[in-house]
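# Survey of secondary and tertiary structure
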Amino acid sequence: MAKKNKSEGTVQVIKKPLSKRIWNHRGFYLMFLPVFIFVILTQYWPMLGIRYAFYEYKVGRTPTFVGLENFYDMFSDPIKQKAFLTAFKNTLELSIIKLLITTFSSVVVSILLNEMANLFAKKILQTVIYLPHFMSWVVTASIFSLILAPTASGMVNTALQSWGILGEGEYIYFLNDTKWWRPVYYIINIWKETGWGTIIFLATLAGINPELYEAADIDGATRFQKMRYVTLPALANTIITVLILNLAKVMNLFESVLVFWQRGVNDVADVISTYIYRTGLAAGATSDYGFTTAVGLFKSLVGCVLVLICNWASKKVRGRGIV
Amino acid sequence: MAENTKIAVKRRKKIKIFPIVNYLLFILIGLLILVPIWKVIVDSLDAKTVAALRLWPYEFTIAGYKRILTYNNLYMPLLNSVITTLLGTLLGLVLSTLGGYVLIQFEMPGRNFFAYFLLITMVFSGGMIPEFLVYKQLGLVNNLMAIVVKHGINVYNLVLMRNFFEGIPQGLFEAARIDGCSPMGIFFKIVLPLSKAALASIGLMFAVGAWNDYTAANIYIMKPSLYTFQQQLKSMIGSGDLPPSTEINTSTLANASIMIAIIPFMILYPFLQKYFVKGVNIGAVKE
């Protein structure tokens, strides 16, 4: 084919030689250079440091190669194993439950918003419920630790006292009680992220063909039936997409837990990242770089597998990957 | 005939009840979101410590805000946060526009390599400790630039930018090239002016990220004189580390500090809401 074209000399876009094409794009290479340098320095160079997972490396000492000992410690050293497995289980439990309940509340709120005929009221509520998303986790933690404070100035505790639910001088330590910490953490997450989560569902709802509702009207469907048989099925694909996209990130749970973490609730609140942070960076002279790098590597590998699974699931469900 | 009207009446009744329930739910949800925020606003303006929720402060004062803006240990963190936010947003926009622009050059040799070069970092990373050791070697520990760099590199935002650029008609690039415009010229004269909405949306995402940052600051900044405002807030309220002050109520000061951390975006937010929302939609619902 190519030969024939050549011999006949027909007009055809002939690919220029590689060196010529590179030269023609020289401006673009130059423009990519800053990105390249930054990514090499901040993303790829740290990957070389993963080798410390196989070293004994305490702060201020020289690293010595120990093979798989750090991984061995993770799964069999009595103290480290308990702390590590607690953190691992908490990471999965906290992020998955958080993901399910915030997605559920977002779906409910977006269906309500969609049913609202008064556009002005709808707009106002949207503005209000998006607001907490822009508050940092530190701000959120500050607001709620003041409101939930177990003192005479804590709004919730004093209200419970005046309603007679709590006795005089009796307080609930919401953020420092293993019984209360998780429910409070989930509620705060619902408060902060429900509104923002509705955006993607509202976009889907706006795209539903109005004829479907008209047809349902003609068939005499009630409002509830329309929600159940028209709205929800239309949302199903988006819900699955949101769950898949976020499932890939479950290992990344960090800041939202770090700001609420206290020693007293460590057993229910510690996640992999806070565990790495505490034992690897915030432990002062006893900081253990080698072991925590190994824990970090384990976290990255699990995260990587999750991303690949979610990518595969995403391709199945919606025809394109997540990365 | 009579039956028909009966049905019509029934219908109308049903339709009337739902909106009322919906309005009530709306008000309830709105209040649940707003109550904690309102409590902070009122407490920050009240000279007394009051546990109960109220509409208006008992004893109005702005001493809390004054204290933050005049007390060294409080306005320095604020300044540090402003610096890291501005520089982080600037670096983020420069890198994501440059990278996004190069990634839509489908003819460029090595373009796929660059795409994978970036995508790998979204799936796999060195982790907290190796990253800390590298930043240490780069002299970024106890250096505000650590936060700037950490937020300036964001491959996810770069890909969002690329997706937006891809929507610009290729014919425009072609025409400019024929007119003898250089890649840099096309970038500045065509790509950037056509992408104002994306620049606003993604710029806002960078700004919110850097302003709200606590993780990076917490890892890389240990010197109290370099604390960002979020760090200062955490150490004040989380550890009760309030600056010495005799003339001011601690609750007033604590709540005013929270307000200072929120105010910049509270003021901008009503005007910029559509850009925030657009940012989500560029990424999530591309079709």
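Relevant structure appears above.
## Focus: the overall build of chain A
- Per the secondary structure count, chain A includes 15 helices and 2 strands.
- Relative to its length of 323 residues, chain A is extended, with a C-alpha radius of gyration of 27 Å against a globular reference of 20 Å.
- Overall size of chain A, expressed as C-alpha extent along the three principal axes, is 100 × 75 × 35 Å.
- When contacts within chain A are restricted to residue pairs at least 6 apart in sequence, those whose partners lie at least 24 apart make up 65%.

## Overview of the overall build of chain B
- In terms of helices and strands, chain B carries 13 helices and 0 strands.
- When the helices and strands of chain B are read in sequence order from the N terminus, they spell out α-α-α-α-α-α-α-α-α-α-α-α-α.
- When each of the 287 residues of chain B is scored for burial, the buried share is 39%.
- Contacts in chain B between residues at least 24 apart in sequence constitute 73% of all its contacts with a sequence separation of at least 6.

## Looking at the interface of chain B and chain A
- Contact with chain B, which involves 73 residues of that partner, is made by 74 residues of chain A.
- Partitioned by chemical class, the residues of the side of chain B that touches chain A number 52 nonpolar, 16 polar and 5 charged.

## Details of the nonpolar core
- By size, the foremost hydrophobic cluster in this structure holds 129 residues, and its most contacted members are V257, F260, I272 and V295 of chain A together with V102, Y220 and I258 of chain B.
- Tallying contributions element by element places helix α13 (residues 250-284) of chain B first for this core, with 10 residues.
- Two domains each provide a minimum of three residues to this core, namely domain 1 (1-61) and domain 2 (63-284) of chain B.

## Examining unusual backbone geometry
All names here are of chain B.
- In this structure, N142 is a non-glycine residue whose phi angle is positive, near 55°.
- Within the secondary structure, N142 is located in the loop between α5 (128-137) and α6 (145-152).
- On the neighbour-count criterion, N142 (13 C-beta atoms within 10 Å) is partly exposed.

How each quantity is defined
Residues numbered from 1 in each chain as written. Chains lettered and ligands numbered in written order. Predicted model: local features only at pLDDT ≥ 70, side-chain atom pairs only at ≥ 80, totals over all residues. Helix = DSSP H or I, 4+ residues; strand = E, 2+ residues; numbered from the N terminus. Rg over C-alpha atoms; globule rule 2.2 N^0.38 Å. Contact = placed C-beta atoms within 7 Å. Buried ≥ 20, exposed ≤ 12 C-beta atoms within 10 Å, placed from the backbone. Nonpolar A, V, L, I, M, F, W, Y, C, P; charged D, E, K, R; others polar. Core = buried A, V, L, I, M, F, W, Y, C linked by C-beta atoms within 7 Å. Domains from an automatic or database assignment.

It is worth stressing that arrangement in space is one thing and function is another; only the former is reported here.
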